[in-house]
Amino acid sequence: MKRYLLSVLVGLGTVFIGVGANAQTYPVKPVRLVVPFPAGGATDILARTISQKASEKLGQQIVIDNRPGAGGTIGSDHVAKSAPDGYTLLIATGSTHSIGPIINPKIPYNVERDFLPIVYVAQTSSVLVVPASLPVKNLAEFIALAKSKPGQLNYGSSGNGTNSHLSSELFKAQAGVFITHIPYRGTGLVFNDMMSGQVHMLMDNYVTSQSNIKEGKLRVLGVTTPQRVPFLPDVPTLSEQGLKGFDVSNWFGIYAPKGAGADIVNRVNAAFNQALQEPEMQKRLATLGATPTGGTPEQMGKMVAADTARWAKLIRDRKIVVE
């Protein structure tokens, strides 16, 4: 009997050791992080910046895979349909997981059904920019120009149902102007047309616009957050300039396909949280106009739910539809 019990205990010990070993094996190969927007945009820049340090913490390379199109829907749907083995992740935004599912009933994925939140990595402020060649020096002059030419000015966005689209529609509603929407496959694609004068306004993350702003190709007319931002201390907010209560920012977070194990979620969460706590990373994000966030999967889920409810009210009240 003693020998039997001993053999059972040894066997159970072997099982537990095996389970523990298996739990520690992830990841054993590079992890693919899908960016559902083109290279050069805010999501891509942030993904590449944060992933460099997160790769070190994870112990495997995080490879960026750009899959743009349909306002982030194509890349997001690809991840939703991927194996939940932890080797295909998504960096999502308010465009793909808060606004898009509300404004576009044809989106093929469901955020709660198809994804698991892992970690909220960063928040960015947006700026309203115009080409330097446009004959306006401030927001009041731009609004006056738009009112004098209803429908003749236009704005670019990173696609229908994206943060830049909805932010611009909110601006139109509060400013009382009619400006035509031109959706692109990503914000980075808007700039050539802005430089040539074909696009007159863009409202999007400072991350994307900063190089053109510094080179004098774009003029910043305002920031979209309630308070001024450290990286543009002399630029007034839209709220300061008459659009009372205007408050828009964007979030970026990591998701796994639904069904990913708790060990995977916890491992990835820990790697990104550790990366975001590095002083070097915090300084780098600050130069991009981004604030590192971090936290638990549960905290990210609650944040996304609140953001979704906020945009749903705007879409309903303003009767905004996908063009």
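Before reading on, note that the structure itself is shown above.
Procedures and definitions
Residues numbered from 1 in each chain as written. Predicted model: local features only at pLDDT ≥ 70, side-chain atom pairs only at ≥ 80, totals over all residues. Heavy atoms only, no water. Core = buried A, V, L, I, M, F, W, Y, C linked by side-chain atoms within 4.5 Å. Buried < 20%, exposed > 50% of the residue type's maximum accessible area, 1.4 Å probe, protein only. Helix = DSSP H or I, 4+ residues; strand = E, 2+ residues; numbered from the N terminus. Contact = heavy atoms within 4.5 Å. 1 Å grid on protein atoms, 1.4 Å probe; cavity = no way out; pocket = protein on both sides within 12 Å on 5 of 7 lines; lining within 4 Å. Points joined across faces, edges and corners; volume = space filled by probe spheres on them. Nonpolar A, V, L, I, M, F, W, Y, C, P; charged D, E, K, R; others polar. Pairing = 2+ DSSP bridges. Expected span 1.5 Å × (residues − 1). Bend = angle between axes of the 7 residues up to and from the residue. Phe/Tyr/Trp six-rings, centres within 6.5 Å; stacked < 30°, edge-to-face > 60°. Lys NZ or Arg CZ within 6 Å of the ring centre and 35° of its normal.

Trainee: Is there a simple way to think about the nonpolar core in this case?
Mentor: Where a protein is soluble and globular, its nonpolar side chains tend to be buried together. Judged by nonpolar contacts, the single largest core of 36 residues is most densely connected at V121, I254 and F272. Sorting the residues of this core by element identifies strand 1 (31–35), helix 2 (42–58), strand 2 (62–66), strand 3 (88–93), strand 4 (115–131), strand 9 (249–257), helix 10 (262–276) and helix 11 (279–287) as the ones contributing at least two each. Looking at this core, the element that brings in the most residues is helix 10, giving seven residues. Apart from the residues within four sequence positions on either side, F272 is in contact with I50, A54, I62, V119, V121 and I254. Membership of the second largest hydrophobic core comes to 30 residues, among which are L128, M201, F246 and W311.

Trainee: It is not clear to me how empty space enclosed by the protein should be interpreted in this structure. Could you clarify?
Mentor: Over the atoms, a rolling probe the size of a water molecule traces out where space has been left empty. Under the criterion given, the structure shown has one cavity of 30 Å³ or more. Considering only enclosed or pocket space, the largest cavity measures out at about 140 Å³ in volume. In this structure, the largest cavity is lined by 19 residues; those nearest its centre are F37, T43, S158, T187 and D204. Of all elements in the fold, only helix 2, helix 7 (163–175), strand 7 (201–205) and strand 9 reach the threshold of two or more residues within the lining of the largest cavity. A breakdown of the residues in the lining of the largest cavity according to their chemical character gives five nonpolar, 13 polar and one charged.

Trainee: Hey, could you run me through the layout of surface pockets in this one?
Mentor: Within this model, the largest pocket holds a volume of roughly 290 Å³. Along its surface, the largest pocket is lined by 15 residues, and H97, V111, E112, V304 and A305 are the ones closest to its centre. Residue assignment for the lining of the largest pocket shows that the elements contributing at least two residues are helix 4 (94–103), helix 5 (111–114), strand 4 and helix 12 (297–318). For the lining of the largest pocket, a count of residues per class yields nine nonpolar, five polar and one charged.

Trainee: What is the right way to look at the pairing of strand 7 in this model?
Mentor: Look at any regular strand and the pattern is simple: side chains alternate between the two faces of the sheet. Of all the five residues making up strand 7, five are buried; the element is thus mostly covered by neighbouring parts of the structure. As judged from the four bridges shared by strand 4 and strand 7, these two strands associate in the antiparallel manner. Residue V127 lies in a different strand from strand 7, and its bridge partner there is D204. Relative to strand 7, strand 5 (residues 154–157) runs parallel, the two sharing two bridges. Its bridge partner lying in strand 7, Y155 is registered against M201.

Trainee: Would you mind showing me how to read the pairing of strand 3 here?
Mentor: Most of strand 3 is tucked away, with six of its six residues classed as buried. The alternating pattern of strand 3 places T88, L90 and A92 on one face and L89, I91 and T93 on the opposite face, and all of these are buried. As paired elements, strand 1 and strand 3 share three bridges and run parallel to each other. Following the sheet pairing, V34 is matched in strand 3 by L90. Direction of pairing for strand 3 relative to strand 9: antiparallel, over a ladder of four bridges. What sits directly across from L90, in strand 9, is Y255.

Trainee: Any chance you could explain helix 2 here in plain terms?
Mentor: Quick reminder: α-helices carry 3.6 residues per turn. Residues three or four places apart thus point the same way. With 17 residues, helix 2 should cover 24 Å at 1.5 Å per step; its first-to-last C-alpha distance of 23 Å lies within 8% of that length. Of all the bends in helix 2, the greatest, near 35°, is centred on S51. Just past helix 2, the residue G59 takes up positive phi, approximately 85°.

Trainee: Whenever I open this one, the packing of aromatic side chains confuses me. Can you help?
Mentor: The geometry of an aromatic ring pair is captured by two quantities: the separation of the ring centres and the angle between the planes. Scanning all chains against the criterion turns up five aromatic pairs. Considering the side-chain rings of Y206 and F231, the 4.4 Å spacing of their centres and the 20° angle between planes classify their relative orientation as stacked. In this pair, Y206 sits in helix 9 (residues 206–214) while F231 sits in the loop between strand 8 (218–223) and strand 9, placing the two residues 25 residues apart along the sequence. Look at F231 and you get partly exposed, because its relative accessible area is 22%. Taken together, the ring pairs in this structure connect Y109, F115 and Y255 into an aromatic cluster. Sitting over the ring of Y87, K29 keeps its end group 4.7 Å from the ring centre. When the ring centre of W311 is taken as reference, the NZ or CZ atom of R310 above it lies at 5.0 Å.

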